[in-house]
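Chain residues, written in single-letter form:
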Amino acid sequence: MLICPCHCLLRVTLAAAALLRPKRSAGLVSSRPAPRPRSQAPGSLKCFLGALKMEMTEMTGMSLKRGCLSMEDDDSAAPAEEIKKQKVSECCLTKRPDGLQNDCLPNRENVPGPPEPVSAKRGKMTSDDQLEEEEEEEEDGLSEEGEEEEEAESFADMMKHGLTELDVGITKFVSSHQGFSGILKERYSDFVVHEIGKDGQISHLDDLSVPVDEEDPSEDVFTVLTAEEKQQLEELQLFKNKETSVAIEVIEDTKEKRTIIHQAIKSLFPGLETKTEDREGRKYIVAYHAAGKKALANPRKHSWPKSRGSYCHFVLYKENKDTMDAINVLSKYLRVKPNIFSYMGTKDKRAITVQEIAVLKITAQRLAHLNKCLMNFKLGNFSYQKNPLKLGELQGNHFTVVLRNITGTDDQVQQAMNSLKEIGFINYYGMQRFGTTAVPTYQVGRAILQNSWTEVMDLILKPRSGAEKGYLVKCREEWAKTKDPAAALRKLPVKRCVEGQLLRGLSKYGMKNIVSAFGIIPRNNRLMYIHSYQSYVWNNMVSKRIEDYGLKPVPGDLVLKGATATYIEEEDVDNYSIHDVVMPLPGFDIIYPKHKISEAYREMLTADNLDIDNMRHKIRDYSLSGAYRKIIIRPQNVSWEVVAYDDPKIPLFNTDVDNLEGKPPPVFASEGKYRALKMDFSLPPSTYATMAIREVLKMDTSIKNQTQMNTTWLR
């Protein structure tokens with residue numbers, strides 16, 4: 001087991017809570033139940049509160065000491081109309097967002113540390129040059145400014161604001177069983193996600209060996225250079241000084257020693273070439289740039305054996321860090337651009353996750369060396385392949401979830417899990433899709449679709465209720481007072497956030513060109529808003545469809561034949577089940593059901609001043625083609641067991657790293673102080689695990705609702 005101190009962001013204890021409970025009924029469809037009287041409330045509601053803390057984060061690391069919890073949803077490979085987060089936008093090395101101490105960083109004697117910002121030590125620039133420099137820096141993922149996390153201080157306040165499930169159309173359950181409570185503790189190790197690859201196999205980290213390759217340099221390349229030499233080479237590589245070369249004297253002059261130095265420079269500092277020179281009777285290895293500034297982004301082609309596949313595929317095991325953060329860390333330590341990595345889906349931060357990654361022309365030997373340096377990751381199962389990975393190629397994710405201290409009887413648990421296995425759950429978009437502050441993301445999306453750019457600007461920048469980082473509050477106050485984007489921007493130490501990017505755009509293009517200013521925000525982040533609006537409409541329409549027609553297909557419903565949607569005709573109803581029925585996300589390239597739900601779509605969009613018959617936008621990026629989504633998802637590979645335990649801190653199952661280290665699986669007594677429900681299930685891409693757990697527990701998953709139910713939060 002890897003060991004490193006972990007900083008748990010939030011420890012919560014619930015003093016009293018009134019749980020929502022569905023009334024028992026003969027039908028399968030349950031609407032939002034009435035609150036249970038407080039006197040009947042079970043003792044804990046924590047399971048979803050920890051989950052929601054994670055869900056505030058858009059889509060990974062490991063302190064590798066079992067630590068802080070959260071729940072991750074399988075929103076990892078959205079279809080074409082949904083957000084594709086291939087872009088790596090944030091860095092996380094010098095200021096560790098996972099709270100690890102500096103002693104978790106590698107020794108510079110053994111491995112190069114992360115580079116400084118590319119823009120450091122530059123001369124004076126115009127304001128436009130500075131903006132472009134900052135944009136390039138952030139897009140490259142090389143900016144070093146880290147956000148200071150204030151989550152522990154602010155989360156309780158944040159809970160008082162924001163949305164409930166009712167606000168975003170999540171109102172129905174499909175099962176009639178009695179809900180119960182459970183605790184998913186602050187231990188993120190209670191929530192594990194394994195990616196299901198395009199071959200249908202679940203990814204596991206079970207092999208740390210490196211493929212034997214005669215072309216690989218010796219291990220000496222990682223230690224032959226001194227810390228001072230690495231620093232000089234780093235500055236040369238990143239154009240941070242005026243020098244055009246760095247000369248390293250060969251103290252013990254042998255051909256073998258010179259070869260190792262050549263290999264070390266070329267492998268650890270992509271973009272640099274080397275040559276040997278004689279200077280006054282001494283041998284020097286001279287490093288220099290071979291191809292200008294683009295060399296860093298493009299690994300040298302001539303140094304890669306033709307017989308070897310261009311991409312090294314590997315399995316990445318990580319705790320408490322999202323995929324994009326993880327790739328930023330790997331790219332910094334390898335001294336390459338993040339865009340040479342590829343993956344099939346992003347994974348959320350607050351969980352243990354296992355997924356496949358591919359990287360262009362980086363050897364398995366170099367990747368495996370990171371296992372000695374990084375506390376937050378394990379890399380293994382290396383292989384060389386001809387092709388990279390592509391977003392959406394995965395078949396889904398397999399979840400292992402532990403709900404601790406459950407209050408349900410064995411019969412209740414059996415009913416709930418059988419229902420999940422046999423019927424499934426409503427495929428709602430989860431609460432994290434809509435943001436966590438008083439300004440929901442779908443409102444911004446609606447304003448974009450309405451072409452109301454002043455409203456878009458105001459919604460993003462105006463002061464809002466709820467807890468935010470102090471500098472964001474000051475930034476919003478400055479904006480409200482002065483409407484001066486440059487002045488508001490100066491209040492932000494971290495300018496990578498959406499607010500900072502928009503303010504930079506307004507400074508550059510002016511207040512009369514909000515469209516161009518908004519365009520500075522990365523495309524995927526901009527599309528997030530309109531996809532949120534689509535999800536908002538979809539949730540509401542699905543709730544109405546289930547309320548009006550129940551859990552059976554009816555004439556006029558839509559089903560997919562291949563990628564094409566067709567109507568269910570009267571004579572064909574018996575040939576389909578509710579699991580075949582899809583509902584459209586609004587757009588110009590879809591059809592709507594042929595029953596009264598079609599008119600409900602029209603009424604909802606009309607009320608939002610949108611034309612359902614014309615979903616094309618003046619700006620092509622914001623034209624919605626639409627898509628189809630199944631209304632009920634039935635998880636696969638569902639299994640569960642109830643176990644007894646006494647110590648709330650002990651792990652209740654082994655991780656891949658535990659198994660690699662030969663740790664025996666936990667042994668449970670027949671009786672104990674507590675009972676836990678361990679669930680395993682697989683979900684397809686773009687579905688939300690919290691919505692499956694919501695169906696089991698019959699709980700509202702919104703932050704605001706938990707606050708209203710008399711929740712006390714303690715650190």
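Just so we're clear, the structure is a prediction, and the values are computed from it rather than from any experiment. (Residues numbered from 1 in each chain as written. Predicted model: local features only at pLDDT ≥ 70, side-chain atom pairs only at ≥ 80, totals over all residues. Heavy atoms only, no water.)

**Student:** Help me out: how do you make sense of the confidence of the model for the protein chain in this one?
**Tutor:** On average, residues of the protein chain carry a pLDDT of 76, and 70% of them reach 70 or more. Low pLDDT, under 50, characterises residues 1-28; the predicted model gives this stretch 121 contacts beyond four residues in sequence or across chains. (pLDDT = per-residue confidence, 0-100. Contact = heavy atoms within 4.5 Å.)

**Student:** Whenever I open this one, the sheet that holds strand β16 (residues 627-630) confuses me. Can you help?
**Tutor:** In a beta sheet, neighbouring strands pair by backbone hydrogen bonds and run either parallel or antiparallel. Pairing is antiparallel in the open sheet, where four strands are placed in the order β14-β13-β15-β16. Among the strands making up the open sheet, the edge pair consists of β14 (564-567) and β16. Ignoring strand direction, the axes of neighbouring strands in this sheet form an average angle of 55 degrees. The strands touched by helix α15 (residues 523-549) are β15 (581-585) and β16; relative to β15, the strand with the most contacts, the crossing angle is about 145 degrees. (Pairing = 2+ DSSP bridges. Helix = DSSP H or I, 4+ residues; strand = E, 2+ residues; numbered from the N terminus. Axes fitted to C-alpha atoms, helices over the stretch in contact; angles between N-to-C directions.)

**Student:** Which parts of the structure should I look at to understand the pairing of strand β11 (residues 396-403)?
**Tutor:** Remark: a regular strand shows side chains that alternate across the two faces of the sheet. Counting buried positions along β11 yields eight of eight residues, so the element is predominantly enclosed. A two-sided burial pattern is seen for β11, the buried positions comprising G396, H398, T400 and V402 on one face and N397, F399, V401 and L403 on the other. In terms of strand pairing, strand β3 (residues 191-196) meets β11 through six bridges, oriented antiparallel. Bridging from a neighbouring strand, E195 pairs with N397 of β11. Bridging between β11 and strand β19 (residues 674-683) involves seven bridges; their strand directions are antiparallel. When the sheet's bridge partners are listed, N397 is paired in β19 with L683. (Buried < 20%, exposed > 50% of the residue type's maximum accessible area, 1.4 Å probe, protein only.)

**Student:** Where do I start with the packing of aromatic side chains in this structure?
**Tutor:** Describing an aromatic ring pair means giving the distance of the ring centres and the angle of the ring planes. By the definition in use, this model includes 14 aromatic pairs. Here the aromatic rings of F314 and F382 are separated by 6.4 Å at their centres, their planes lie at 40 degrees, and the arrangement is tilted. On the criterion of sequence distance, the pair formed by F314 in strand β7 (residues 311-319) and F382 in strand β10 (residues 377-385) is long-range, its members being 68 residues apart. The pair formed by F314 and F382 is uniform in burial state, with each residue classed as buried. Relative to Y674, the ring of Y645 has its centre 5.4 Å away and its plane inclined at 35 degrees; by these criteria the two rings are tilted. On the criterion of sequence distance, the pair formed by Y645 in strand β18 (residues 636-645) and Y674 in strand β19 is long-range, its members being 29 residues apart. Under the relative-accessibility criterion, Y645 is labelled buried at 4%. (Phe/Tyr/Trp six-rings, centres within 6.5 Å; stacked < 30°, edge-to-face > 60°.)

**Student:** Help me out: how do you make sense of the environment of K649 in this one?
**Tutor:** The residue K649 is located in the loop between β18 and α17 (656-660) in this model. With a relative accessible area of 62%, K649 lands in the exposed category. Between the C-alpha atom of K649 and that of R187, which follows or precedes it by 462 residues, the distance is 8.3 Å.

**Student:** Help me understand the sheet that holds strand β4 (residues 245-249) in this model?
**Tutor:** On the basis of which strands lie adjacent, the open sheet formed by three strands has the order β4-β6-β5 and antiparallel pairing. Only two strands of the sheet have a single partner each, and these edge strands are β4 and β5 (272-279). When the angles between neighbouring strand axes are averaged without regard to direction, this sheet yields 25 degrees. Relative to strand β6 (residues 282-289), β5 runs antiparallel, the two being bridged by eight bridges. Its bridge partner lying in β6, T274 is registered against A287.

**Student:** Is there a simple way to explain the packing of helix α9 (residues 441-449) against α15 in this structure?
**Tutor:** Close contact between α9 and α15 brings their axes to 7 Å; oriented N to C, the two are set at 100 degrees. Taken together, the axes of α9 and α15 are roughly perpendicular relative to one another. Contacts between α9 and α15 involve T441, Y442, V444, G445, R446, I448 and L449 from the first element and R526, M528, Y529, I530, S532, Y533 and Y536 from the second. A class-by-class count of the residues in the contact of α9 with α15 yields nine nonpolar, three polar and two charged. (Parallel < 35°, antiparallel > 145°, perpendicular 65-115°, else oblique. Nonpolar A, V, L, I, M, F, W, Y, C, P; charged D, E, K, R; others polar.)

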